[in-house]
Each structure stands twice: as C-alpha cells, then as structure tokens.
Amino acid sequence: MTQNDGELESLVRKRIRALRVAQGWSLEELATRARMSQSSLSRIENGQRRLALDQLVTIARALDTPLDQLVETAADDVISSPMIDGARGVLRWPIKADPGMTVVRQRMTDPPPDSPSRLRAHPGREWLVVLSGTAVLLLGNRRFRMETNQAAEFPTMLPHAIGAEGGPCELLGIFDRDARRGHQRDKDTPKEEQPWP
C-alpha cells in the first residue's frame, strides 16, 4: 500500500467516525444499521481492520451518504478567486462542486425599480443575504425590507428585483444554473433596470 493509499484509508476511517458521531449514534447503533458486529465496526474506525469495498458500501448506506463522498480525496484547489465585473460592481465565484451554482457579491446604491413592469422573472432559485445596510426585495406583489444578516430564498419565476434603502447595501447571493442564466440574459437590459446582479 502506498503512502497515499494509507492517507486515504485514514481519512475514510475518520469520516466514518465523524458521520456516526454527527448522527448521535453509538458504535452499536451504526453496526446494527450496517448489519455488522460492533467489534468489526470499532476495528474499522480504529484502523485495526482493513477496509473492504463491500463493507464501505454497506457503511455508506447505513450513514446515508454516497460512497464517492465517503472516499473523496481533498482537492488541492480549495481556494478560488472571484471573477470581477467592474462595470457592474459585482464579484462572482463559481461553485466547483456544482458548476451551475454561482456566488455573487454586490454593492447596491439604487433603490428597487418603482414600476412593476421592471421586475424580472426567469427559471431558477436564488438565495441572498444582506451583508451590510438595508435592502428592499420586491417579490411579486410583496415588498420585503431586509436588514443586515437577514436572508431570503425564493423561486425566480416570481417577478423580482432588489435595491438599497437609505444608503448603500452589500449583498451576497447564490444562484442556481437557471437563475444565473436568467440574469445573464438581463445583461442587455440597461443597468438601472436590472433586478440584480
């Protein structure tokens, strides 16, 4: 066995124990769910028994986690830098685990649009949090005032827009693939009419 194999095996053992503890299960409870003896599971967690693929599959199922996540190695590229759109005042980070997801940070100074006809709708979901200041989220016929640290999540098929209230605000948003595409199509829309970002 190579050094890397030993490191992976040690990592998998730690994950099994950590997932079991996170569920609040004793060795006996997980062993029962995995249909194995408590002593076998204990030896697996402590490195006194070799890991076998069939046991890993059984343990992963008992922990309700995909096998690939149980044996996944740590990536070297865990740090990413934002893509900067200076013209729109936006920083974007793609989420590597789900290339369709994007994280966006934006500073807003303009209030939300005053005309319902300027609200946009498109497929997808958005999640956002106010990092500083006060924002106003227009969602269909409703108006939500959002203070620092408050978050909102909504389907983007509802006509929506967001803006600042009483001064600048800073937002962090997460967009699924469809919501991101919807906002990319809005790039041709004049900046003052864009819902965000």
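Numbering of residues starts from 1 in every chain and runs along the sequence as written. Totals for whole chains, interfaces and linings use every residue, but because this is a predicted model, local features are given only for residues with pLDDT of at least 70 and side-chain atom pairs only at 80 or more, for both listing and counting. The side-chain numbers reported here are obtained from all heavy atoms of the structure, hydrogens and water having been left aside.

Asker: So what's going on with the nonpolar core? Which residues, and what values?
Answerer: Inside soluble globular proteins, nonpolar side chains tend to come together where they are buried. We define a nonpolar core as any set of buried Ala, Val, Leu, Ile, Met, Phe, Trp, Tyr and Cys residues linked to one another through side-chain atoms lying within 4.5 Å. We call a residue buried when its accessible area falls under 20% of the maximum for its residue type, exposed when it is over 50%, and partly exposed in between, using a 1.4 Å probe and counting protein chains only. In terms of nonpolar packing, the biggest core is built from 17 residues, with Ile16, Leu30, Met36, Leu41 and Ile59 touching the most fellow members. Of all the secondary structure elements, the ones that give two or more residues to this core are α1 (3-23), α2 (27-34), α3 (38-46) and α4 (53-63). For this core, the element with the most residues is α4, which contributes five residues. Beyond its immediate chain neighbours, meaning those up to four positions away, isoleucine 59 contacts Ile16, Ala34, Met36, Leu41 and Ile44. Helical segments are the DSSP runs of H or I of at least four residues, strand segments are the runs of E of at least two, and each set is numbered from the N terminus. What makes two residues a contact is simply this: any of their non-hydrogen atoms within 4.5 Å.

Asker: For unusual backbone geometry, give the residues involved together with the corresponding values.
Answerer: For arginine 35, which is not glycine, the phi torsion reads 55 degrees and is therefore positive. By secondary structure assignment, the location of arginine 35 is in the loop between α2 and α3. Assessed through its relative accessible area of 79%, arginine 35 is described here as exposed. Backbone geometry at asparagine 149 places phi at a positive 75 degrees, although glycine is not the residue there. Checked against the element boundaries, asparagine 149 lands in the loop between β6 (142-146) and β7 (151-155).

Asker: Describe the pattern of salt bridges, naming the residues involved and giving the relevant values.
Answerer: A side-chain nitrogen of Lys or Arg and a carboxyl oxygen of Asp or Glu constitute a salt bridge if their distance falls within 4 Å. Counting across every chain of the model gives eight salt bridges. Glutamate 45 is the salt-bridge partner of arginine 20, the closest N and O atoms lying 2.7 Å from each other. Here glutamate 45 lies in helix α3 and arginine 20 lies in helix α1, a separation of 25 residues in the sequence. Arginine 118 serves as the salt-bridge partner of aspartate 114, at 3.6 Å between the closest nitrogen and oxygen. Through salt bridges with shared partners, a single ionic network connects Arg143, Arg145, Glu147 and Glu165.

Asker: Pulling in residues and values, what's your account of the sheet that holds strand β9 (residues 169-175)?
Answerer: Reading across from one edge, β1-β2-β3-β9-β4-β7 is the order of the six strands in this open sheet, with antiparallel pairing throughout. Only two strands of the sheet have a single partner each, and these edge strands are β1 (83-85) and β7. In this sheet, adjacent strand axes meet at a mean angle of 20 degrees when their direction is disregarded. When DSSP finds two or more bridges between two strands, those strands count as paired. The pairing of strand β4 (residues 125-132) with β9 spans six bridges and is classified as antiparallel. Across the sheet, residue glutamate 126 finds its bridge partner in β9, namely phenylalanine 175. Axis definition: a line fitted to C-alpha atoms, over the contacting stretch in the case of helices. Angles run 0 to 180 degrees between N-to-C directions.

Asker: Provide a residue-level description of α3, including the pertinent values.
Answerer: Of all the positions in α3, only Ser40, Leu41, Ser42, Ile44 and Glu45 are classed as buried. Remark: glycine 47 follows α3 within two positions and exhibits a positive phi of approximately 80 degrees.

Asker: Can you break down the pairing of strand β2 (residues 90-94) residue by residue, with the values?
Answerer: Relative to β2, β1 runs antiparallel, the two sharing three bridges. Looking at the pairing, isoleucine 84 lines up with leucine 91 of β2. Two strands pair when backbone bridges link them, and β2 and strand β3 (residues 102-108) are joined in this way by five bridges, in the antiparallel orientation. Its bridge partner being in β3, leucine 91 is matched across the sheet by arginine 105.

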